[in-house]
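A look at the structure
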Amino acid sequence: MADIEIEIDGNLVSAKAGEMLIAVTDREGISVPRFCYHKKLSVAANCRMCLVDVEGAPKPQPACSTPINEGMKVHTNNEKVKASQKAVMEFLLINHPLDCPICDQGGECELQDVAMDYGSDVSRFSEGKRVVVDGDIGPLIQTDMTRCIHCTRCVRFGAEIGGIMEMGGTGRGEDLKIEPFLAEGIQSELSGNMIDVCPVGALTSKPFRYELRTWQMNSVSNIARHDLTGSNIVTQTYKGRVKRIVAKDNDSVNETWISDRDRFSYEGLAHENRLLSPQIKVKGEWREVSWDEALEFAMRGLTDKVLNTGEANKLGALASNTATLEEFHLLQKLLREVGSENIDYRLNIKDLENTVTLESNIKLAGLEGVDHVLIIGSNPRLEQPMINHRLRKASLSGASIDVINVMAFDFNYQLNSENIVTPNQIAFMLAEVLKLILQASNAEIPEALSKIEASDTAKQLADRLLDADNSVIILGEHMVNNPQASSIAQLINEIAQQTNSTTLNISATANSMAGDLTEFVPGKKGLDANAMLATGLKAYILLDVYPHFDFHHPAQAIKALSKKDAFVISMNSFKDEAVAQYSDVMLPIASFYETSGSHINIEGKVQSFCASVSAPSDVKPAWKVLKVLADLLQLPGFHFANSMQVTSEISNQGHKQNVSNKKLDIKVKRSVNVIWQKSPYAVDALSRHASALQATKIGQMHSASMNKATAKKLEVAENDNYLGVPVSIRESVANNCVFVNTNKPIRGEL
Amino acid sequence: MINNIKKLIKDFSLSELRGGLKITAKELINKKITVQFPEERTPISPRFRGLHALRRYPNGEERCIACKLCEAVCPANAITIESEMRDDGTRRTTQYDIDLFKCIFCGFCEEACPVDAIVETQIFDYAFVDSREGSIIDKAHLLEVGDNNEQMINETKLEDAKYR
Ligand code: SF4
Ligand code: SF4
Ligand code: SF4
Ligand code: FES
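Residues numbered from 1 in each chain as written. Chains lettered and ligands numbered in written order. Predicted model: local features only at pLDDT ≥ 70, side-chain atom pairs only at ≥ 80, totals over all residues. Heavy atoms only, no water.

Looking now at the overall build of chain B. A tally of helices and strands in chain B yields five helices and five strands. N-terminal to C-terminal, the α/β element order of chain B is α-α-β-α-β-β-α-β-β-α. Taking 15 Å as the expected radius of gyration for a compact globule of 164 residues, we find that chain B reaches 26 Å, considerably beyond that expectation. Scored against the burial criterion, the 164 residues of chain B give a buried share of 34%. Of the accessible surface of chain B, which amounts to about 11000 Å², a share of 58% is contributed by carbon and sulfur atoms. In chain B, 24 positive and 28 negative side-chain charges are present, and the distance between their average locations comes to 12 Å. (Helix = DSSP H or I, 4+ residues; strand = E, 2+ residues; numbered from the N terminus. Rg over C-alpha atoms; globule rule 2.2 N^0.38 Å. Buried < 20%, exposed > 50% of the residue type's maximum accessible area, 1.4 Å probe, protein only. Areas by Shrake-Rupley, 256 points an atom, 1.4 Å probe, with all protein chains shown as cover. Lys, Arg positive; Asp, Glu negative; His and termini not counted. Charge placed at Lys NZ, Arg CZ, Asp CG, Glu CD.)

Moving on, we get to the overall build of chain A. Along the backbone of chain A there are 23 helices and 31 strands. For chain A, the C-alpha radius of gyration of 28 Å lies close to 27 Å, the compact-globule estimate for 750 residues. Projected onto its principal axes, the C-alpha coordinates of chain A cover approximately 90 × 70 × 55 Å. The buried share of chain A, reckoned over its 750 residues, is 59%. Residue pairs at least 24 apart in sequence account for 72% of intrachain contacts in chain A once pairs closer than 6 positions are excluded. Counting only carbon and sulfur atoms, one obtains 49% of the accessible surface of chain A, whose full area is about 29900 Å². (Contact = heavy atoms within 4.5 Å.)

All names here are of chain A. Membership of the largest hydrophobic core comes to 62 residues, with the highest contact counts inside it found for Ile-375, Ile-376, Ile-404, Ile-426, Leu-430, Leu-475 and Leu-504. Domain assignment of the residues forming this core places at least three in each of domain 4 (365-506) and domain 5 (673-742). Not counting the four nearest positions on each side in its chain, Ile-404 is found in contact with Leu-374, Ile-375, Ile-376, Gly-377, Asn-419, Val-421, Ile-426, Met-429, Leu-430 and Leu-461. Core analysis: the second largest hydrophobic core is formed by 48 residues, Leu-517, Ile-569, Met-571 and Leu-587 among them. (Core = buried A, V, L, I, M, F, W, Y, C linked by side-chain atoms within 4.5 Å. Domains from an automatic or database assignment.)

Let's shift gears to the site of ligand 1. Around ligand 1 lies a shell of 14 residues, among which Cys-148, Cys-151, Thr-152, Cys-154 and Cys-198 of chain A are the nearest. Among the residues making up the shell around ligand 1, the classes are represented as eleven nonpolar, two polar and one charged. (Near = heavy atom within 4 Å. Nonpolar A, V, L, I, M, F, W, Y, C, P; charged D, E, K, R; others polar.)

For the rest of this paragraph, the subject is the pairing of strand β28 (residues 702-706) of chain A. Residues and elements named next belong to chain A. Extensive coverage of β28 is indicated by the burial of four of its five residues. Here β28 runs beside strand β31 (residues 737-742); their pairing, made up of four bridges, is antiparallel. Bridging across to β31, Ser-705 finds its partner in Phe-739. (Pairing = 2+ DSSP bridges.)

Near ligand 3 lie 13 residues; those nearest to it are Cys-64, Cys-67, Lys-68, Cys-70 and Cys-113 of chain B. Its residues assigned to classes, the shell around ligand 3 comprises twelve nonpolar, no polar and one charged.

Another point: the interface of chain B and chain A. Interfaces are frequently sized by the accessible area removed from exposure as the parts join. Each partner contributes residues to the interface: chain B has 16 residues there, and chain A has 13 residues. Together, the buried faces of chain B and chain A total about 1100 Å²; carbon and sulfur atoms form 53% of this surface. Between the two partners, chain B and chain A, sit two salt bridges. Put simply, Asp-104 of chain A and Arg-91 of chain B hold a salt bridge, and the shortest N to O gap is 3.1 Å. Applying the counting criterion to the chain B and chain A interface returns nine residue pairs in polar contact (both at pLDDT 80 or more). Contributing elements (two or more residues each) for the side of chain B that touches chain A: α3 (69-73) and β2 (79-85) of chain B. (Buried area = accessible area lost by both parts, 1.4 Å probe. Salt bridge = Lys/Arg side-chain N within 4 Å of Asp/Glu carboxyl O. Polar contact = N/O pair within 3.5 Å; in protein donor to acceptor, adjacent residues only side chain to side chain.)

On to helix α19 (residues 622-632) of chain A, then. Residues and elements named next belong to chain A. What α19 keeps buried is the set Ala-622, Trp-623, Val-625, Leu-626, Lys-627, Leu-629 and Ala-630. As for α19, its buried residues are in contact with α7 (291-307), α8 (325-338), β22 (539-543), β23 (567-572), β24 (585-588) and α20 (643-649). At the exit of α19 stands Gln-634, carrying a positive phi of roughly 55°.

It is worth spelling out a nonpolar patch on the surface at this point. A grouping of Val-35, Phe-37, Ile-44 and Phe-124 of chain B is seen on the molecular surface, where their side chains present a nonpolar patch of about 320 Å² in accessible area. Relative to the helices and strands, Val-35 of chain B is located in the loop between α2 (15-29) and β1 (52-54). (Patch = residues over 30% accessible without salt bridge, like charges linked within 9 Å, V, L, I, M, F, W, Y side chains within 5 Å.)

What follows is about the pattern of salt bridges. This model, assessed by the stated rule, comprises 47 salt bridges over all chains. The partner of Glu-293 of chain A in a salt bridge is Arg-287 of chain A, and the shortest N-O contact between them spans 3.4 Å. A residue is classified by how much of its surface remains accessible, and Glu-293 of chain A, at 38% relative accessible area, is partly exposed. Where Lys-139 of chain B meets Glu-62 of chain B, a salt bridge forms, and the shortest distance between an N and an O atom there is 3.2 Å. You can see Lys-139 of chain B sitting in helix α5 (residues 139-161) and its partner Glu-62 of chain B sitting in the loop between β1 and α3, a full 77 residues away along the chain. The buried category is assigned to Lys-139 of chain B, whose relative accessible area is 14%.

What follows covers the domain arrangement of chain A. Each domain of chain A was delimited in the assignment, giving domain 1 (3-92), domain 2 (133-270), domain 3 (289-349 + 513-651), domain 4 (365-506) and domain 5 (673-742). Distance from the C-alpha centre of domain 1 of chain A to the C-alpha centre of domain 5 of chain A: 52 Å.

Another point: the confidence of the model for chain B. Any residue range with low pLDDT should be treated as having predicted coordinates unsuitable for detailed reading. Averaged over all residues, the pLDDT of chain B is 92; the fraction at 70 or higher stands at 99%. Interface confidence for the predicted complex, expressed as ipTM, amounts to 0.84; the pTM equals 0.91. (pLDDT = per-residue confidence, 0-100.)

Once that is clear, we can look at unusual backbone geometry. Residue Pro-38 of chain B follows Phe-37 of chain B across a cis peptide bond; omega there is 5°. Structurally, the position occupied by Pro-38 of chain B is in the loop between α2 and β1. Residues other than glycine seldom take positive phi values, yet Asp-9 of chain A does so here, at roughly 50°. Relative to the helices and strands, Asp-9 of chain A is located in the loop between β1 (3-8) and β2 (11-16). Classification of Asp-9 of chain A by relative accessible area gives partly exposed; the value is 32%.

Moving on: the packing of aromatic side chains. Aromatic ring pairs: the centre-centre distance and the angle between the two ring planes describe each pair. Residues and elements named next belong to chain A. Under the defined criterion, the tally for this structure stands at ten aromatic pairs over all chains. Consider the rings of Phe-297 and Phe-567, whose centres lie 6.0 Å apart with planes at 45°: the pair is tilted. Taken as a pair, Phe-297 in helix α7 and Phe-567 in strand β23 lie far apart in primary sequence, 270 residues in all. The exposure class of Phe-297 is partly exposed, given its relative accessible area of 26%. Members of the aromatic cluster, each reached through a chain of ring pairs, are Phe-328, Tyr-345 and Phe-520. Directly above the aromatic system of Phe-592 lies the positively charged group of Arg-225, at a separation of 4.3 Å from the ring centroid. Here the guanidinium or amino end of Arg-274 rests over the ring plane of Phe-574, the centre of that ring lying 5.4 Å away. (Phe/Tyr/Trp six-rings, centres within 6.5 Å; stacked < 30°, edge-to-face > 60°. Lys NZ or Arg CZ within 6 Å of the ring centre and 35° of its normal.)

Looking now at the sheet that holds strand β5 (residues 136-137) of chain B. All names here are of chain B. Ordered in space as β2-β3-β5, the three strands form an open sheet in which the pairing is antiparallel. Two strands bound the open sheet, and with one partner strand each, they are β2 and β5. Across seven bridges, β2 lies against strand β3 (residues 91-99) in antiparallel orientation. Bridge pairing in β3 links Ile-79 to Ile-98.

A separate point is the sheet that holds strand β12 (residues 241-247) of chain A. Residues and elements named next belong to chain A. Taken in spatial order, the three strands of this open sheet run β10-β11-β12, and their pairing is antiparallel. Strands at the two margins of the open sheet, each flanked by one partner only, are β10 (218-223) and β12. Neighbour-to-neighbour, the strand axes of this sheet turn through a mean angle of 35°, independent of strand direction. (Axes fitted to C-alpha atoms, helices over the stretch in contact; angles between N-to-C directions.)

On to the packing of α8 of chain A against α19 of chain A, then. Packed helices, taken two at a time, are described by their axes: the angle between them and the distance between them. Residues and elements named next belong to chain A. Taken N-terminus to C-terminus, the directions of α8 and α19 make an angle of 20°; their axes are 9 Å apart at the nearest point. Comparing their axes, α19 and α8 come out roughly parallel. When you trace α8 past α19, the crossing you get is left-handed. Across the interface between the two elements, Glu-327, Leu-330, Leu-331 and Leu-334 from α8 touch Ala-622, Trp-623, Leu-626, Leu-629 and Ala-630 from α19. Split into classes, the residues belonging to the contact of α8 with α19 amount to eight nonpolar, no polar and one charged. (Parallel < 35°, antiparallel > 145°, perpendicular 65-115°, else oblique. Left-handed = near helix turned anticlockwise from the far one by under 90°.)

Look at helix α12 (residues 456-467) of chain A: 16 Å from first C-alpha to last across twelve residues, which is about the 16 Å you get at 1.5 Å a residue. Against the buried residues of α12 of chain A lie β17 (372-376), β18 (400-405), β19 (417-420), α11 (423-440), β20 (471-476) and α13 (485-499) of chain A. (Expected span 1.5 Å × (residues − 1).)

Right, dumping it as structure tokens:
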């Protein structure tokens, strides 16, 4: 669009034709008060606070909905404007209660600020005020709807960003009420953002209620490590504790939004279940000791068991995927220095010979621009909320979205087709698609595909991939333990190459990208996680591992780690019974926001952060513990004064995932497949300890879904226990598939 | 020379002593103005700013709603408040401390309070017991001061109200 010039308060300003006036004044730093306007939401123009004087117009115009045009002359500050601002403010305050002293928004309230700057100091209103009775809308958001000024930001947020219109206006005029449409209240995975957009204290954070004033807290930028986005956040701290988390703008990562998991998981930091002091096991009894003693004990254990006996290859290291880049690096360096390559962070994979190896080669912001998406084996809305948000934006601007899943999920955008396919058939289906694509380009058809007859569904899927100019294929978590996982990845890779599509691998979450980058995977002579536990090593170092949630077969893993002659050093932030059972030393380590480090997000962006608070009592950051342990073992190359020095040692060359070229396995089998997924708020120890999150509907997810036929085959009925999880019979699940989504520990084997 | 003689006469006639005794004699009969503190007290202005008190409503409910405005306005950072939601859903303090060593008795806290909870009373003759901590008075103490002196607080505030 062409640049045009307009005059604001006597100054010439250039802007793009068609822009709204308020966008121009915001860019120029000219203050125009507003309530309903929000840069990421549509324009509603219902609050009238942004009135400005446009020369030639008989009445003041709302800046948020007045497009600019050449030669326009605007005054934002003259008598006419001031009078209208004052009048609008007076009307807004008619029904707004004067309860700032008990309002949590006090001190950070847009209404307070604007009333101070633009309002009048006395009220002429002496009639009765409107009072709204509040309902409980869920464990995350507190409502005080008497304070609502009907700006409809929350309503528009739901409709436009959240994808479900959870809040809405009922009634008219004086009786207009903003309230959730459903009796169950607010349930979406992005709902916390409504707290941020609400300009007044009508929607505030429930776990934070009545605790602190905004001016009492320090704000420290940090990175949320729960998913592959690495959302930018601001942790607000008070007396060394994280008290609230709000979103920080970063257009290339999370825009202005964050997921509820990122916003409310901090509650877990203060949970009573935190591991607070180093402990060693002497004759089967746990004893609290000093750090010196514990580390000495750990060092002795390692030297006696493996290092002095020349059996360094009997030492193994396992880490959870929430470790920071630096922790991954130091632990693998320690192992490699002493001569062991038994290193792994992929604890939940049944068959590590058969893994999903697929590059992600599209930027988060780039997802918005695609015109076709093929999602395979994922429920992105709950797994990766911010990636899903980008997909939703793509969908709204016209992208067609196809899904191949094992169960019908609740998407918050229009799907072109939703194909519910038995896990054992997905590889075959992709093979059909690949064959069609190869045929279309007259390429040679490999032996393995030659006999396939393509179905109509495959034809449609292939056609859309071929037609699209800019498509992306997304591979999700549900395919991780698929018996044909590596073939699926191989097929996707091939399809992507043939159709010029980009790929996005969201099958491993949190900070897994850092695990790959630091090569926290077995070396040539090393054993992988499963092999380590199967052969049984003599010593282990475990970094924030919670066996019941992290291993695919907890019982087996616990048994292997509990072996009499195995010396286990566990570094954890939270207490765990199983950990106490098999460990010989437990070292308390800092959790999220208590340590400095880096997160690598799906597009390979390294985001470093400092500690927002120091860890409680005797808890230490894991990178320091690892450094000191290495020093005690007299290993060279661990002279780090801070975590930044560790970061700079890590070469950032972007780890290449080698796509396997094993023989394709596309045979359709008849066995029942169980897909086990931790519920979205149980993905890591911190979220599992966040009480408000756990109380939400998403946090309570605990069911094994299957269709009637599968239930019959497994001889279970509705509400029976299957693998310790209540059965829920739904026809939306593919045949021969059990989809488990739970916040409880894994019982039995995946 | 002449001055020296004058001085000699003055000294030997004890005139200064007699002048002094005259005042003494006069004061012997005059009305006494000595205030026998603490049995007697000088009058103080209703605007006097002494020891703090936290007040209650007539129904016994504490007034303070933990808005923390007093804490924010206090130029000496003498006030420390912690708050949470009480079981009945209202906003209340769990801790309300005033450090009387830091306090400069400016009265800003009283001015800032939207519900007239924190006030400064006419009491100035309080003592600190032994320790540094003794100079910090807590919520229970402040409420007690309020409870014991509600009538005085009420009267003085009423008296001053017409000038505000
Ligand atoms: S609740 Fe808040 S965001 Fe929603 S309409 Fe009311 S004032 Fe606006
Ligand atoms: S009188 Fe002044 S210095 Fe003393 S507590 Fe009140 S505001 Fe602070
Ligand atoms: S004493 Fe008054 S100003 Fe201070 S917190 Fe309580 S209500 Fe607020
Ligand atoms: S901001 Fe323009 S009308 Fe509300």
